[in-house]
Amino acid sequence: MNGTSTTTVGRDEAAAFALPGSALKGVGSRPFGIYVHVPFCATRCGYCDFNTYTAGELGTSASPQSWMEGLRRELDLAAQMTGAPAVDTVFVGGGTPSLLGGDGLSDVLGAVRSSFGLAKGAEVTTESNPESTSPEFFERLRAGGFTRISLGMQSAAQHVLKVLDRTHTPGRAVAAAQEARAAGFEHVNLDLIYGTPGERDEDLDLSLDAVLSAGVDHVSAYALIVEDGTALARKVRRGELPAPDDDVLASRYERIDARLAEAGLTWYEVSNWASADAATGESRCRHNLGYWDGGDWWGAGPGAHSHVGGVRWWNVKHPARYADQLAAGSLPVGGSEQLTTEDVHVERVMLTARLRTGLPVAELDAAEQRAAQTVVADGLLVREGEHLVLTDRGRLLADAVVRTVLR
(Lines give C-alpha, C1' and ligand atoms only; values in the text may rest on other atoms or scores of the structure.)
Protein backbone atom coordinates (compact mmCIF):
# COMPACT_ATOMS: atom_id res chain seq x y z
CA MET A 1 0.00 0.00 0.00
CA ASN A 2 1.07 3.55 -0.59
CA GLY A 3 3.02 5.07 2.26
CA THR A 4 3.77 1.80 4.01
CA SER A 5 7.25 1.37 5.41
CA THR A 6 8.17 -2.28 4.93
CA THR A 7 11.28 -3.90 6.36
CA THR A 8 12.61 -7.39 5.79
CA VAL A 9 14.79 -8.47 8.69
CA GLY A 10 17.58 -10.98 9.13
CA ARG A 11 18.66 -12.98 12.20
CA ASP A 12 20.43 -10.10 13.98
CA GLU A 13 17.61 -7.67 13.28
CA ALA A 14 14.99 -10.20 14.37
CA ALA A 15 16.73 -10.48 17.74
CA ALA A 16 16.29 -6.74 18.14
CA PHE A 17 12.69 -6.54 16.89
CA ALA A 18 10.60 -4.52 19.29
CA LEU A 19 7.31 -2.69 19.16
CA PRO A 20 7.58 1.08 19.53
CA GLY A 21 5.93 2.75 22.48
CA SER A 22 3.31 4.26 20.19
CA ALA A 23 2.15 0.76 19.20
CA LEU A 24 2.11 -0.52 22.77
CA LYS A 25 0.06 2.42 24.02
CA GLY A 26 -3.41 1.19 24.83
CA VAL A 27 -2.59 -2.53 24.53
CA GLY A 28 -4.98 -4.30 26.85
CA SER A 29 -7.60 -1.55 26.65
CA ARG A 30 -8.56 -2.95 23.25
CA PRO A 31 -9.52 -6.59 22.60
CA PHE A 32 -6.38 -8.70 22.19
CA GLY A 33 -6.24 -11.95 20.24
CA ILE A 34 -3.75 -14.76 19.77
CA TYR A 35 -3.52 -16.67 16.50
CA VAL A 36 -1.52 -19.92 16.56
CA HIS A 37 -0.42 -21.39 13.25
CA VAL A 38 -0.03 -25.16 13.10
CA PRO A 39 1.96 -25.84 9.88
CA PHE A 40 1.39 -29.59 9.64
CA CYS A 41 -0.86 -31.47 7.19
CA ALA A 42 -1.23 -35.16 6.41
CA THR A 43 -1.59 -34.40 2.69
CA ARG A 44 -1.51 -31.24 0.58
CA CYS A 45 -4.81 -30.10 -0.95
CA GLY A 46 -4.50 -29.07 -4.59
CA TYR A 47 -6.03 -25.59 -4.13
CA CYS A 48 -4.13 -24.64 -0.94
CA ASP A 49 -1.31 -22.10 -0.86
CA PHE A 50 -1.12 -21.77 2.94
CA ASN A 51 2.16 -22.19 4.80
CA THR A 52 1.79 -25.92 5.44
CA TYR A 53 4.05 -28.97 5.23
CA THR A 54 3.55 -32.72 5.10
CA ALA A 55 5.82 -35.06 7.05
CA GLY A 56 7.55 -36.03 3.80
CA GLU A 57 8.28 -32.39 2.96
CA LEU A 58 9.75 -31.68 6.40
CA GLY A 59 11.75 -34.87 6.80
CA THR A 60 13.78 -34.61 10.00
CA SER A 61 14.20 -30.83 9.83
CA ALA A 62 11.22 -30.09 12.11
CA SER A 63 8.59 -31.89 14.14
CA PRO A 64 5.52 -31.11 16.22
CA GLN A 65 7.77 -31.30 19.28
CA SER A 66 10.26 -28.68 18.03
CA TRP A 67 7.35 -26.52 16.87
CA MET A 68 5.73 -26.71 20.31
CA GLU A 69 8.97 -25.78 22.03
CA GLY A 70 9.31 -22.80 19.71
CA LEU A 71 5.69 -21.81 20.27
CA ARG A 72 6.16 -21.71 24.05
CA ARG A 73 9.24 -19.52 23.64
CA GLU A 74 7.50 -17.17 21.21
CA LEU A 75 4.48 -16.75 23.49
CA ASP A 76 6.76 -15.98 26.44
CA LEU A 77 8.63 -13.34 24.41
CA ALA A 78 5.33 -11.93 23.16
CA ALA A 79 4.03 -11.60 26.71
CA GLN A 80 7.20 -9.81 27.80
CA MET A 81 6.94 -7.36 24.90
CA THR A 82 3.24 -6.56 25.22
CA GLY A 83 2.86 -6.64 28.99
CA ALA A 84 0.81 -9.86 28.79
CA PRO A 85 -2.71 -8.48 28.36
CA ALA A 86 -5.48 -10.95 29.08
CA VAL A 87 -6.40 -12.64 25.80
CA ASP A 88 -9.98 -12.17 24.58
CA THR A 89 -9.82 -14.60 21.65
CA VAL A 90 -7.60 -17.50 20.61
CA PHE A 91 -7.73 -19.06 17.16
CA VAL A 92 -5.68 -22.14 16.30
CA GLY A 93 -5.42 -22.53 12.53
CA GLY A 94 -3.31 -24.18 9.90
CA GLY A 95 -2.52 -26.49 8.41
CA THR A 96 -4.42 -29.16 10.29
CA PRO A 97 -4.47 -28.41 14.03
CA SER A 98 -6.50 -31.54 14.74
CA LEU A 99 -3.44 -33.63 13.83
CA LEU A 100 -2.08 -32.59 17.23
CA GLY A 101 -4.95 -34.45 18.89
CA GLY A 102 -6.99 -33.29 21.81
CA ASP A 103 -4.06 -33.42 24.23
CA GLY A 104 -1.75 -31.54 21.87
CA LEU A 105 -4.28 -28.75 21.28
CA SER A 106 -4.96 -28.52 25.01
CA ASP A 107 -1.19 -28.06 25.48
CA VAL A 108 -1.31 -25.20 22.96
CA LEU A 109 -4.06 -23.48 24.91
CA GLY A 110 -2.15 -24.18 28.11
CA ALA A 111 0.85 -22.35 26.67
CA VAL A 112 -1.32 -19.31 25.90
CA ARG A 113 -2.73 -19.39 29.43
CA SER A 114 0.76 -19.71 30.92
CA SER A 115 2.16 -16.72 29.03
CA PHE A 116 -0.84 -14.40 28.89
CA GLY A 117 -3.91 -15.68 30.69
CA LEU A 118 -7.42 -15.66 29.25
CA ALA A 119 -10.00 -12.94 29.79
CA LYS A 120 -13.31 -13.95 31.31
CA GLY A 121 -15.56 -15.33 28.59
CA ALA A 122 -12.70 -15.71 26.10
CA GLU A 123 -13.55 -17.27 22.74
CA VAL A 124 -11.20 -20.17 21.94
CA THR A 125 -11.44 -21.71 18.46
CA THR A 126 -9.60 -24.44 16.67
CA GLU A 127 -9.85 -25.49 13.05
CA SER A 128 -10.17 -29.22 12.49
CA ASN A 129 -10.15 -31.64 9.59
CA PRO A 130 -13.21 -33.91 9.96
CA GLU A 131 -11.14 -37.03 9.33
CA SER A 132 -8.82 -36.39 12.28
CA THR A 133 -11.58 -35.89 14.84
CA SER A 134 -13.69 -38.16 17.02
CA PRO A 135 -16.13 -37.86 19.93
CA GLU A 136 -13.22 -38.33 22.32
CA PHE A 137 -11.25 -35.58 20.53
CA PHE A 138 -14.06 -33.06 20.99
CA GLU A 139 -14.63 -34.08 24.62
CA ARG A 140 -10.92 -33.48 25.34
CA LEU A 141 -11.03 -30.06 23.70
CA ARG A 142 -14.12 -29.06 25.63
CA ALA A 143 -12.52 -30.14 28.89
CA GLY A 144 -9.36 -28.28 27.90
CA GLY A 145 -11.15 -24.94 27.53
CA PHE A 146 -11.98 -24.64 23.84
CA THR A 147 -15.32 -22.97 23.15
CA ARG A 148 -15.65 -23.08 19.36
CA ILE A 149 -14.92 -25.57 16.54
CA SER A 150 -14.40 -24.76 12.86
CA LEU A 151 -14.57 -27.74 10.50
CA GLY A 152 -13.35 -27.80 6.91
CA MET A 153 -16.23 -29.33 4.97
CA GLN A 154 -15.79 -27.71 1.53
CA SER A 155 -18.46 -29.87 -0.17
CA ALA A 156 -20.75 -32.84 0.35
CA ALA A 157 -20.18 -34.06 -3.23
CA GLN A 158 -17.50 -36.72 -3.59
CA HIS A 159 -16.38 -35.66 -7.07
CA VAL A 160 -15.95 -32.04 -5.88
CA LEU A 161 -13.85 -33.14 -2.91
CA LYS A 162 -11.72 -35.18 -5.33
CA VAL A 163 -11.00 -32.11 -7.49
CA LEU A 164 -9.96 -30.25 -4.34
CA ASP A 165 -7.81 -33.21 -3.20
CA ARG A 166 -9.72 -33.39 0.07
CA THR A 167 -9.36 -36.71 1.86
CA HIS A 168 -12.49 -36.79 4.05
CA THR A 169 -15.62 -38.64 3.02
CA PRO A 170 -18.68 -36.51 2.16
CA GLY A 171 -20.65 -37.33 5.31
CA ARG A 172 -17.80 -37.03 7.79
CA ALA A 173 -17.99 -33.24 8.26
CA VAL A 174 -21.64 -33.36 9.33
CA ALA A 175 -20.95 -36.26 11.67
CA ALA A 176 -18.02 -34.36 13.19
CA ALA A 177 -20.17 -31.26 13.69
CA GLN A 178 -22.79 -33.35 15.47
CA GLU A 179 -20.10 -34.96 17.64
CA ALA A 180 -18.81 -31.51 18.59
CA ARG A 181 -22.32 -30.41 19.54
CA ALA A 182 -22.80 -33.58 21.60
CA ALA A 183 -19.53 -32.82 23.43
CA GLY A 184 -21.00 -29.49 24.57
CA PHE A 185 -19.81 -27.07 21.89
CA GLU A 186 -22.51 -24.46 21.32
CA HIS A 187 -20.52 -22.74 18.58
CA VAL A 188 -19.59 -24.86 15.55
CA ASN A 189 -18.67 -23.58 12.08
CA LEU A 190 -18.61 -25.42 8.76
CA ASP A 191 -16.50 -24.09 5.88
CA LEU A 192 -17.75 -24.38 2.31
CA ILE A 193 -15.93 -23.73 -0.97
CA TYR A 194 -18.09 -23.02 -4.01
CA GLY A 195 -17.29 -22.73 -7.68
CA THR A 196 -15.02 -25.76 -7.93
CA PRO A 197 -14.65 -26.96 -11.55
CA GLY A 198 -17.31 -29.60 -12.16
CA GLU A 199 -19.56 -28.49 -9.31
CA ARG A 200 -23.24 -28.39 -10.30
CA ASP A 201 -26.18 -26.59 -8.72
CA GLU A 202 -27.38 -29.89 -7.31
CA ASP A 203 -23.95 -30.46 -5.73
CA LEU A 204 -24.18 -27.12 -3.95
CA ASP A 205 -27.72 -27.91 -2.82
CA LEU A 206 -26.49 -31.23 -1.46
CA SER A 207 -23.80 -29.38 0.51
CA LEU A 208 -26.27 -26.85 1.87
CA ASP A 209 -28.69 -29.61 2.86
CA ALA A 210 -25.85 -31.27 4.75
CA VAL A 211 -24.79 -28.04 6.47
CA LEU A 212 -28.31 -27.29 7.62
CA SER A 213 -28.82 -30.84 8.88
CA ALA A 214 -25.75 -30.49 11.11
CA GLY A 215 -27.35 -27.88 13.37
CA VAL A 216 -24.35 -25.51 13.32
CA ASP A 217 -24.65 -21.84 14.26
CA HIS A 218 -22.03 -20.50 11.82
CA VAL A 219 -21.16 -21.06 8.16
CA SER A 220 -18.28 -19.65 6.11
CA ALA A 221 -18.50 -19.91 2.32
CA TYR A 222 -15.67 -18.90 0.02
CA ALA A 223 -15.46 -18.75 -3.75
CA LEU A 224 -12.70 -20.98 -5.06
CA ILE A 225 -9.61 -18.95 -5.93
CA VAL A 226 -7.00 -20.55 -8.16
CA GLU A 227 -3.77 -19.54 -6.43
CA ASP A 228 -0.50 -19.40 -8.37
CA GLY A 229 1.88 -22.22 -7.57
CA THR A 230 -0.80 -24.73 -6.53
CA ALA A 231 -1.52 -28.07 -8.15
CA LEU A 232 -4.97 -26.74 -9.10
CA ALA A 233 -3.42 -23.76 -10.89
CA ARG A 234 -1.20 -26.06 -12.89
CA LYS A 235 -4.21 -28.15 -13.96
CA VAL A 236 -6.11 -25.04 -15.03
CA ARG A 237 -3.11 -23.73 -16.93
CA ARG A 238 -2.74 -27.05 -18.78
CA GLY A 239 -6.43 -27.01 -19.66
CA GLU A 240 -7.24 -30.09 -17.59
CA LEU A 241 -9.79 -28.09 -15.56
CA PRO A 242 -11.72 -24.91 -16.42
CA ALA A 243 -11.13 -21.75 -14.40
CA PRO A 244 -14.00 -20.72 -12.08
CA ASP A 245 -16.62 -18.64 -13.92
CA ASP A 246 -17.51 -15.27 -12.33
CA ASP A 247 -21.18 -15.48 -13.30
CA VAL A 248 -21.44 -18.97 -11.87
CA LEU A 249 -19.74 -17.83 -8.66
CA ALA A 250 -22.23 -14.97 -8.29
CA SER A 251 -25.16 -17.30 -8.83
CA ARG A 252 -23.80 -19.80 -6.30
CA TYR A 253 -23.28 -17.05 -3.71
CA GLU A 254 -26.87 -15.90 -4.08
CA ARG A 255 -28.03 -19.49 -3.71
CA ILE A 256 -26.00 -19.94 -0.52
CA ASP A 257 -27.21 -16.67 0.98
CA ALA A 258 -30.86 -17.43 0.28
CA ARG A 259 -30.73 -20.93 1.77
CA LEU A 260 -28.85 -19.84 4.89
CA ALA A 261 -31.07 -16.82 5.46
CA GLU A 262 -34.15 -19.01 5.18
CA ALA A 263 -32.67 -21.23 7.90
CA GLY A 264 -32.01 -18.29 10.24
CA LEU A 265 -28.33 -17.74 9.49
CA THR A 266 -27.72 -14.12 8.49
CA TRP A 267 -24.63 -12.61 6.93
CA TYR A 268 -22.41 -10.45 9.10
CA GLU A 269 -19.41 -10.41 6.76
CA VAL A 270 -19.57 -11.04 3.03
CA SER A 271 -18.39 -14.65 3.39
CA ASN A 272 -19.74 -15.44 6.86
CA TRP A 273 -23.20 -16.20 8.27
CA ALA A 274 -24.25 -16.72 11.89
CA SER A 275 -27.36 -17.36 13.93
CA ALA A 276 -28.50 -15.16 16.80
CA ASP A 277 -29.43 -17.61 19.53
CA ALA A 278 -30.90 -16.02 22.62
CA ALA A 279 -29.79 -18.96 24.73
CA THR A 280 -26.12 -18.98 23.73
CA GLY A 281 -25.58 -15.34 22.81
CA GLU A 282 -23.31 -14.18 20.02
CA SER A 283 -22.53 -16.72 17.29
CA ARG A 284 -20.28 -14.52 15.18
CA CYS A 285 -16.55 -15.31 15.28
CA ARG A 286 -15.16 -12.68 17.63
CA HIS A 287 -11.57 -13.46 16.67
CA ASN A 288 -12.16 -12.74 12.99
CA LEU A 289 -14.14 -9.62 13.89
CA GLY A 290 -10.95 -8.44 15.59
CA TYR A 291 -9.12 -8.72 12.27
CA TRP A 292 -11.84 -6.92 10.35
CA ASP A 293 -12.15 -4.16 12.93
CA GLY A 294 -8.42 -3.36 13.06
CA GLY A 295 -7.80 -4.98 16.45
CA ASP A 296 -4.59 -6.18 18.09
CA TRP A 297 -3.42 -9.75 17.74
CA TRP A 298 -0.18 -11.71 18.01
CA GLY A 299 0.30 -14.42 15.40
CA ALA A 300 2.49 -17.21 16.76
CA GLY A 301 3.96 -19.99 14.66
CA PRO A 302 5.76 -20.29 11.31
CA GLY A 303 4.60 -17.67 8.80
CA ALA A 304 2.00 -16.19 11.19
CA HIS A 305 1.14 -12.49 10.82
CA SER A 306 0.61 -10.08 13.71
CA HIS A 307 -0.76 -6.57 14.20
CA VAL A 308 -0.45 -4.38 17.27
CA GLY A 309 -1.09 -0.65 17.38
CA GLY A 310 -0.48 0.04 13.70
CA VAL A 311 2.60 -2.20 13.35
CA ARG A 312 2.35 -5.40 11.33
CA TRP A 313 4.96 -8.14 11.15
CA TRP A 314 5.23 -11.74 10.02
CA ASN A 315 7.30 -14.75 11.04
CA VAL A 316 9.73 -16.74 8.95
CA LYS A 317 7.90 -19.51 7.14
CA HIS A 318 9.84 -22.73 7.55
CA PRO A 319 9.21 -24.60 10.81
CA ALA A 320 12.89 -25.52 11.22
CA ARG A 321 14.08 -21.93 10.88
CA TYR A 322 11.27 -20.80 13.15
CA ALA A 323 12.33 -23.21 15.89
CA ASP A 324 16.04 -22.46 15.44
CA GLN A 325 15.62 -18.69 15.84
CA LEU A 326 13.55 -19.09 18.96
CA ALA A 327 16.03 -21.59 20.42
CA ALA A 328 18.67 -18.88 19.90
CA GLY A 329 16.56 -16.46 21.93
CA SER A 330 15.23 -14.24 19.15
CA LEU A 331 11.77 -13.64 17.78
CA PRO A 332 11.41 -15.37 14.37
CA VAL A 333 10.43 -12.17 12.56
CA GLY A 334 10.73 -12.28 8.76
CA GLY A 335 9.59 -8.70 8.06
CA SER A 336 7.61 -5.82 9.45
CA GLU A 337 5.85 -2.62 8.45
CA GLN A 338 4.66 0.52 10.19
CA LEU A 339 1.25 1.50 8.86
CA THR A 340 0.74 5.15 8.02
CA THR A 341 -2.47 7.04 8.73
CA GLU A 342 -3.41 6.56 5.08
CA ASP A 343 -2.77 2.81 5.27
CA VAL A 344 -4.95 2.47 8.34
CA HIS A 345 -7.74 4.41 6.62
CA VAL A 346 -7.59 2.33 3.45
CA GLU A 347 -7.68 -0.93 5.38
CA ARG A 348 -10.50 0.34 7.56
CA VAL A 349 -12.62 1.10 4.49
CA MET A 350 -11.73 -2.21 2.80
CA LEU A 351 -12.65 -4.31 5.83
CA THR A 352 -15.60 -2.53 7.43
CA ALA A 353 -17.30 -2.20 4.05
CA ARG A 354 -17.57 -6.01 4.03
CA LEU A 355 -19.37 -6.11 7.39
CA ARG A 356 -23.14 -6.08 7.90
CA THR A 357 -22.64 -3.25 10.40
CA GLY A 358 -21.25 -1.25 7.50
CA LEU A 359 -18.77 1.52 6.83
CA PRO A 360 -19.00 4.56 9.16
CA VAL A 361 -19.76 7.62 7.03
CA ALA A 362 -17.78 9.83 9.43
CA GLU A 363 -14.58 7.99 8.52
CA LEU A 364 -14.81 9.09 4.86
CA ASP A 365 -13.47 12.41 3.66
CA ALA A 366 -15.59 14.71 1.49
CA ALA A 367 -14.39 13.22 -1.82
CA GLU A 368 -14.97 9.66 -0.57
CA GLN A 369 -18.46 10.55 0.64
CA ARG A 370 -19.29 11.94 -2.81
CA ALA A 371 -17.95 8.77 -4.43
CA ALA A 372 -19.99 6.67 -1.99
CA GLN A 373 -23.14 8.51 -3.06
CA THR A 374 -22.60 7.34 -6.63
CA VAL A 375 -22.43 3.78 -5.35
CA VAL A 376 -25.63 4.35 -3.37
CA ALA A 377 -27.28 5.65 -6.55
CA ASP A 378 -26.13 2.48 -8.35
CA GLY A 379 -27.90 0.37 -5.75
CA LEU A 380 -24.75 -1.22 -4.32
CA LEU A 381 -24.77 0.56 -0.95
CA VAL A 382 -27.58 1.75 1.28
CA ARG A 383 -27.33 4.22 4.11
CA GLU A 384 -28.46 2.89 7.49
CA GLY A 385 -28.14 5.63 10.08
CA GLU A 386 -24.50 6.73 10.06
CA HIS A 387 -23.23 3.67 8.18
CA LEU A 388 -23.10 2.56 4.57
CA VAL A 389 -24.07 -1.09 4.14
CA LEU A 390 -23.67 -3.30 1.08
CA THR A 391 -26.91 -4.30 -0.62
CA ASP A 392 -27.42 -7.87 -1.79
CA ARG A 393 -26.06 -6.93 -5.23
CA GLY A 394 -23.33 -4.87 -3.61
CA ARG A 395 -21.98 -7.93 -1.82
CA LEU A 396 -21.30 -9.50 -5.21
CA LEU A 397 -19.26 -6.44 -6.16
CA ALA A 398 -17.73 -5.57 -2.78
CA ASP A 399 -14.20 -5.06 -4.14
CA ALA A 400 -15.45 -2.72 -6.85
CA VAL A 401 -17.44 -0.75 -4.28
CA VAL A 402 -14.32 -0.23 -2.17
CA ARG A 403 -12.25 0.82 -5.19
CA THR A 404 -14.87 3.38 -6.17
CA VAL A 405 -15.06 4.88 -2.68
CA LEU A 406 -11.25 5.11 -2.34
CA ARG A 407 -10.34 6.32 -5.81
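Residues numbered from 1 in each chain as written. Predicted model: local features only at pLDDT ≥ 70, side-chain atom pairs only at ≥ 80, totals over all residues. Heavy atoms only, no water.

- For the chain, the name recorded in an unreviewed UniProt entry is Heme chaperone HemW, with Rhodococcus jostii as its organism.
- Its UniProt record, at the heading Sequence similarities (unreviewed entry), says of the chain: "Belongs to the anaerobic coproporphyrinogen-III oxidase family. HemW subfamily."
- The UniProt entry for the chain carries this comment under Function (unreviewed entry): "Probably acts as a heme chaperone, transferring heme to an unknown acceptor. Binds one molecule of heme per monomer, possibly covalently. Binds 1 [4Fe-4S] cluster. The cluster is coordinated with 3 cysteines and an exchangeable S-adenosyl-L-methionine." (UniProt positions renumbered as here; feature names shortened; annotations may be inferred.)

Quick notes on the overall build of the chain
So, point 1. Helix and strand counts for the chain stand at 17 helices and 18 strands.
So, point 2. For 407 residues, the compact-globule estimate of 2.2 N^0.38 gives 22 Å, and the chain sits close to it at 21 Å.
So, point 3. Expressed along its principal axes, the backbone C-alpha trace of the chain runs to roughly 55 × 55 × 50 Å.
So, point 4. Of the accessible surface of the chain, which amounts to about 17,400 Å², a share of 51% is contributed by carbon and sulfur atoms.
So, point 5. Each charge sign in the chain was given a centre, from 37 positive and 53 negative side chains, and these centres are 1 Å apart. (Helix = DSSP H or I, 4+ residues; strand = E, 2+ residues; numbered from the N terminus. Rg over C-alpha atoms; globule rule 2.2 N^0.38 Å. Areas by Shrake-Rupley, 256 points an atom, 1.4 Å probe, with all protein chains shown as cover. Lys, Arg positive; Asp, Glu negative; His and termini not counted. Charge placed at Lys NZ, Arg CZ, Asp CG, Glu CD.)

Overview of the nonpolar core
So, point 1. In this structure, Ile34, Trp67, Leu71, Phe138, Phe185, Leu190 and Trp298 are the most contacted members of the largest nonpolar core, which totals 91 residues.
So, point 2. In terms of residues, this core owes the most to one element, helix α4 (residues 64-82), which gives seven residues.
So, point 3. In terms of nonpolar packing, the next biggest core, distinct from the first, is built from eleven residues, Cys45, Ala157, Ile193 and Leu241 among them. (Core = buried A, V, L, I, M, F, W, Y, C linked by side-chain atoms within 4.5 Å. Buried < 20%, exposed > 50% of the residue type's maximum accessible area, 1.4 Å probe, protein only.)

Points about the packing of aromatic side chains
So, point 1. All told, the structure shown has nine aromatic pairs when counted by the stated rule.
So, point 2. Judged by centre distance (4.6 Å) and plane angle (65°), the ring pair of Tyr291 and Trp297 falls under edge-to-face.
So, point 3. On the accessibility criterion, Tyr291 (23% relative accessible area) is partly exposed.
So, point 4. Residue Trp297 is classed as buried on the basis of its relative accessible area, which comes to 13%.
So, point 5. The rings of Phe17, Trp298 and Trp313 are connected pair by pair, giving a single aromatic cluster.
So, point 6. In this structure, Arg142 packs its charged tip against the face of Phe185, placed 5.3 Å from the ring centre. (Phe/Tyr/Trp six-rings, centres within 6.5 Å; stacked < 30°, edge-to-face > 60°. Lys NZ or Arg CZ within 6 Å of the ring centre and 35° of its normal.)

Focus: the pattern of salt bridges
So, point 1. Here the structure, examined in full by the defined rule, presents 22 salt bridges.
So, point 2. For Arg284, the salt bridge identified is with Glu282, shortest N-O distance 3.2 Å.
So, point 3. Overlapping salt bridges, with partners in common, bring together Glu199, Asp201, Asp205, Asp209, Arg252, Arg255 and Arg259 in one network. (Salt bridge = Lys/Arg side-chain N within 4 Å of Asp/Glu carboxyl O.)

Observations regarding the UniProt feature "domain: Radical SAM core" (unreviewed entry) in the chain
So, point 1. Mapped onto this numbering, the UniProt entry gives "domain: Radical SAM core" (unreviewed entry) at residues 26-266.
So, point 2. Annotated as residues 26-266, this span is 42% helix and 20% strand, and its ends, taken at the C-alpha atoms, are 33 Å apart.

Digging into unusual backbone geometry
So, point 1. In the segment running from Gly94 into Gly95, the intervening peptide bond is cis, with an omega of 15°.
So, point 2. Topologically, Gly95 is positioned in the loop between β3 (87-94) and α5 (101-115).
So, point 3. Even without being a glycine, Gln154 presents a positive backbone phi close to 70°.
So, point 4. Within the secondary structure, Gln154 is located in strand β5 (residues 148-154).

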